[in-house]
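One-letter residues, chain by chain:
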Amino acid sequence: QVQLVVSGGGLVQPGGSLRLSCAASGFTFSSYAMNWYRQAPGKERELVATISSGGSTYYVDSVKGRFTISRDNARNTVYLQMNSLKPEDTAVYYCNTRGVFWGQGTQVTVSS
């Protein structure tokens, strides 16, 4: 069965960095696009970044130039490198594939 295991969240000061990881199993990882979503308190879940099977990327405007999505097909892992973090990036971050398979969320809190 598909499993997505997320790690790497935490508390960071504004301007800091974090890297999230999502280890996938149960499917042919290299064949599928991978997504990162986030949900802030009181807000709807939003797509943050996508990486296609071929490595093409998409970012929501609010994170362009600060976040980088990447994948390591040998390790079946997708990453989200988050730099220059802002308080408005505070949310629970989720890994997703094919719109229906979700990892557990990881809390990212940006606060001084």
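In the block above lies the structure referred to throughout.
Below: a short report on this structure. Bear in mind that the values here come from a model prediction, so they are computed numbers and not experimental data.

### Looking at unusual backbone geometry
Here's step 1: The backbone phi angle of Asn 76 is positive, close to 50 degrees, even though this residue is not glycine.
Here's step 2: Inspection of the secondary structure puts Asn 76 in the loop between strand S7 (67-72) and strand S8 (77-82).

### Here we look at the pattern of salt bridges
Here's step 1: If you walk through the whole model with that rule in mind, you get five salt bridges.
Here's step 2: Where Arg 38 meets Asp 89, a salt bridge forms, and the shortest distance between an N and an O atom there is 3.0 Å. With Arg 38 in strand S4 (residues 34-39) and Asp 89 in the loop between S8 and strand S9 (91-97), the pair connects residues that are 51 residues apart, well separated along the chain.
Here's step 3: Owing to a relative accessible area of 6%, Arg 38 belongs among the buried residues under this scheme.
Here's step 4: When salt bridges that share partners are traced, they join Arg 38, Glu 46, Arg 66 and Asp 89 into one network.

### Side note on the sheet that holds strand S1 (residues 3-7)
Here's step 1: The strand order across the open sheet built from four strands is S1-S3-S8-S7, with neighbouring strands paired in antiparallel fashion. Sheet topology places S1 and S7 at the edges, where each strand pairs with a single neighbour. Within the sheet, the average angular offset between the axes of one strand and its neighbour, ignoring direction, is 15 degrees.
Here's step 2: Alignment of strand S3 (residues 18-25) against S8, held across six bridges, turns out to be antiparallel. From the neighbouring strand, Leu 20 faces S8, where its bridge partner is Leu 80.

### Overview of the pairing of S8
Here's step 1: Burial within S8 is extensive, with five of its six residues counted as buried.
Here's step 2: Between S7 and S8, which pair antiparallel and follow one another directly, the connecting turn spans four residues, one of which, Asn 76, has a positive phi of 50 degrees.

### Considering the packing of aromatic side chains
Here's step 1: For the structure on display, the rule yields four aromatic pairs.
Here's step 2: Considering the side-chain rings of Phe 27 and Phe 29, the 6.3 Å spacing of their centres and the 50 degrees angle between planes classify their relative orientation as tilted. Pair check on accessibility: Phe 27 and Phe 29 agree, each one buried.
Here's step 3: By way of ring pairs, the aromatic residues Phe 27, Phe 29 and Tyr 32 are connected into one cluster.
Here's step 4: Cation over ring: Arg 71 sits above Phe 29, and NZ or CZ is 4.5 Å from the ring centre.
Here's step 5: Above the ring of Tyr 32, the side-chain terminus of Arg 98 is found at 3.9 Å from the ring centroid.

### With respect to the side chain of Arg 38
Here's step 1: Of note is the side chain of Arg 38, whose polar atom sits 2.7 Å from the side chain of Glu 46.
Here's step 2: Non-local contacts of Arg 38, meaning those with residues more than four positions away in its chain, are made with Glu 44, Arg 45, Glu 46, Val 48, Ser 62, Val 63, Phe 67, Glu 88, Asp 89, Ala 91, Val 92 and Tyr 93.

Each value, and the rule that gives it
- Residues numbered from 1 in each chain as written.
- Predicted model: local features only at pLDDT ≥ 70, side-chain atom pairs only at ≥ 80, totals over all residues.
- Heavy atoms only, no water.
- Helix = DSSP H or I, 4+ residues; strand = E, 2+ residues; numbered from the N terminus.
- Salt bridge = Lys/Arg side-chain N within 4 Å of Asp/Glu carboxyl O.
- Buried < 20%, exposed > 50% of the residue type's maximum accessible area, 1.4 Å probe, protein only.
- Pairing = 2+ DSSP bridges.
- Axes fitted to C-alpha atoms, helices over the stretch in contact; angles between N-to-C directions.
- Phe/Tyr/Trp six-rings, centres within 6.5 Å; stacked < 30°, edge-to-face > 60°.
- Lys NZ or Arg CZ within 6 Å of the ring centre and 35° of its normal.
- Polar contact = N/O pair within 3.5 Å; in protein donor to acceptor, adjacent residues only side chain to side chain.
- Contact = heavy atoms within 4.5 Å.

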